[in-house]
Amino acid sequence: MRLVFQMLGFFLAAVGVLFGAGSLEVRTFEHAAATDILSKLQGPNKAVNVETHLNGLFGGASGDIKEVKITARDFATQELPLFTEPERSKRGIVRTLRIELFNFDLRNLHIESLMASIPDCRFDFSLALRKRQIRLSRSGVGIGTVRIQAAALEKFILAKYKEIKRVSVKLDRGKAFVEGYGEFALLSTNFLIIATLGSPTGETLELENARVFFDDRPAEPAAARILMNKLNPVVHLDTDLGLHDAVRLRGIKLENGFVEAWGDTRIPNKST
């Protein structure tokens, strides 16, 4: 009986040490991951936080992570700072990866928020143990939502289209009101576009079902097509924003001065 109690005591002590070490490693991984992401962002006020929750008592020893939450704010970047490296080991699992980004510039577009929940991601667990580095090797497909202010679209349009000299954008009740002045190859004019905003392939934001006015008069169809062909797509997620197929839109809402768009979201491969 004494031997049984000794063995039980040894087991409980071992569990306590493992759990404590696992907790310490988690904090180490969180700090290392946040530092790694922070190094890829710009801005004097940039901030990144990583929170990790293991899947059960032995999650730290088996590479089974219930949830990783990455929060970043007040930064600028030329591309999203997360990629997968498919050639790496897929032994480690992140059952849910949550991403919350606030108040950031992605190339020439200011984004108020981007939220995503992505299931079934994999990472190189051996690398994490050896070097305390987290490298994703596979991403599941989840749901993401992005919010963009009308004022951000104004700045983006002026930066993207040199022919547009002045523009204002209003978004409300499902409609986009785009008003400005442009100097094009065949015409220079004040214009007003009243349209919906859609995404025919999931890769773009495009003005659809448009009514076009030049100098307060309905535009001739041929002239209207010149303007619409120039403006569409207003935003291309991959070409303009460098998202590398990370997002494919399923729905768009225009309300109270904001575009809110949602769709399939994943962490793209580094090779794409």
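What follows is about the packing of aromatic side chains. Considering all chains together, one arrives at 2 aromatic pairs under this definition. On the basis of an interplanar angle of 10 degrees and a centroid distance of 4.9 Å, the ring pair of Phe-75 and Phe-104 is categorised as stacked. Highlighted residues: Phe-75 in strand β2 (residues 64-77) and Phe-104 in strand β3 (residues 92-106), separated in sequence by 29 residues. Taking the ring centre of Phe-258 as reference, the NZ or CZ of Arg-147 above it sits at 4.0 Å.

A few words now on helix α5 (residues 221-231). Taken as a whole, α5 has its buried residues at Ala-224, Leu-227, Met-228 and Leu-231. Relative to the axis of α5, the buried residues are bounded by an arc of 95 degrees and lie together on one face. Against the buried residues of α5 lie α4 (150-160), β7 (164-172), β9 (188-198) and β10 (204-214).

With that out of the way, let us pick up the nonpolar core. The biggest cluster of nonpolar side chains holds 71 residues, and the ones touching the most others in it are Leu-97, Ile-193 and Leu-207. Looking at this core, the element that brings in the most residues is strand β4 (residues 109-123), giving 7 residues. Setting aside residues up to four positions removed in sequence, Leu-97 forms contacts with Val-68, Ile-70, Ala-116, Ser-117, Ile-118, Cys-121, Leu-136 and Ile-267.

Only one face of strand β8 (residues 175-183) is covered, namely the face carrying Ala-176, Val-178, Gly-180 and Gly-182; the face carrying Lys-175, Phe-177, Glu-179, Tyr-181 and Glu-183 is uncovered. Taken together, the 8 bridges between β7 and β8 define a ladder with antiparallel strand orientation. The residue of β8 that forms the bridge with Ser-168 is Glu-179. Taking the residues between adjacent antiparallel strands as the criterion, β7 and β8 are bridged by 2 residues, where Arg-173 takes a positive phi near 50 degrees. In terms of strand pairing, β8 meets β9 through 8 bridges, oriented antiparallel. Paired with Gly-180 across the bridge in β9 is Phe-191. What sits between the antiparallel neighbours β8 and β9 is a turn of 4 residues.

So, about the environment of Asp-74. With respect to the helices, strands and loops of the structure, Asp-74 is situated in strand β2. With relative accessibility at 29%, the residue Asp-74 sits in the partly exposed group. Spatially, the C-alpha atoms of Asp-74 and Phe-104 are 5.3 Å apart, while their sequence positions differ by 30 residues. Not counting chain neighbours up to four residues away, the residues in contact with Asp-74 comprise Gln-42, Asn-45, Lys-46, Phe-102 and Asn-103. There is a polar contact of 2.6 Å between the side chain of Asp-74 and the side chain of Asn-103.

This part covers unusual backbone geometry. Here the bond from Asn-232 into Pro-233 is cis, since omega is -5 degrees, no more than 30 degrees from zero. One can find Pro-233 in the loop between α5 and β12 (235-236). Of note, Asp-245 is a non-glycine position whose phi angle comes to about 70 degrees, a positive value. Within the fold, Asp-245 resides in the loop between β12 and β13 (247-255). Judged by relative accessible area, Asp-245 falls into the partly exposed class, the value being 30%.

Turning our eyes to something else, we now look at the environment of Val-169. Mapped onto the fold, Val-169 is located in strand β7. We classify Val-169 as buried; its relative accessible area is 6%. Taking the C-alpha atoms as reference points, Val-169 and Glu-179, separated by 10 residues in sequence, lie 6.5 Å from one another. Every residue in contact with Val-169, bar those within four places of it in the chain, is listed here: Ala-150, Glu-154, Ile-157, Phe-177 and Val-178.

Applying the stated rule across the entire model yields 20 salt bridges. With its nearest N and O atoms 2.6 Å apart, the salt bridge here joins Arg-88 to Glu-85. Residue class for Arg-88 comes out partly exposed when judged on its relative accessible area of 27%. Arg-135 serves as the salt-bridge partner of Glu-85, at 3.8 Å between the closest nitrogen and oxygen. Of this pair, Glu-85 sits in the loop between β2 and β3 while Arg-135 sits in the loop between α3 (125-131) and β5 (136-138), and the two are 50 residues apart along the sequence. Because the salt bridges share partners, they merge into one network encompassing Asp-36, Lys-40, Glu-85, Arg-88, Asp-124 and Arg-135.

Conventions adopted
- Residues numbered from 1 in each chain as written.
- Predicted model: local features only at pLDDT ≥ 70, side-chain atom pairs only at ≥ 80, totals over all residues.
- Heavy atoms only, no water.
- Phe/Tyr/Trp six-rings, centres within 6.5 Å; stacked < 30°, edge-to-face > 60°.
- Helix = DSSP H or I, 4+ residues; strand = E, 2+ residues; numbered from the N terminus.
- Lys NZ or Arg CZ within 6 Å of the ring centre and 35° of its normal.
- Buried < 20%, exposed > 50% of the residue type's maximum accessible area, 1.4 Å probe, protein only.
- Arc of directions from axis to C-beta.
- Contact = heavy atoms within 4.5 Å.
- Core = buried A, V, L, I, M, F, W, Y, C linked by side-chain atoms within 4.5 Å.
- Pairing = 2+ DSSP bridges.
- Polar contact = N/O pair within 3.5 Å; in protein donor to acceptor, adjacent residues only side chain to side chain.
- Salt bridge = Lys/Arg side-chain N within 4 Å of Asp/Glu carboxyl O.

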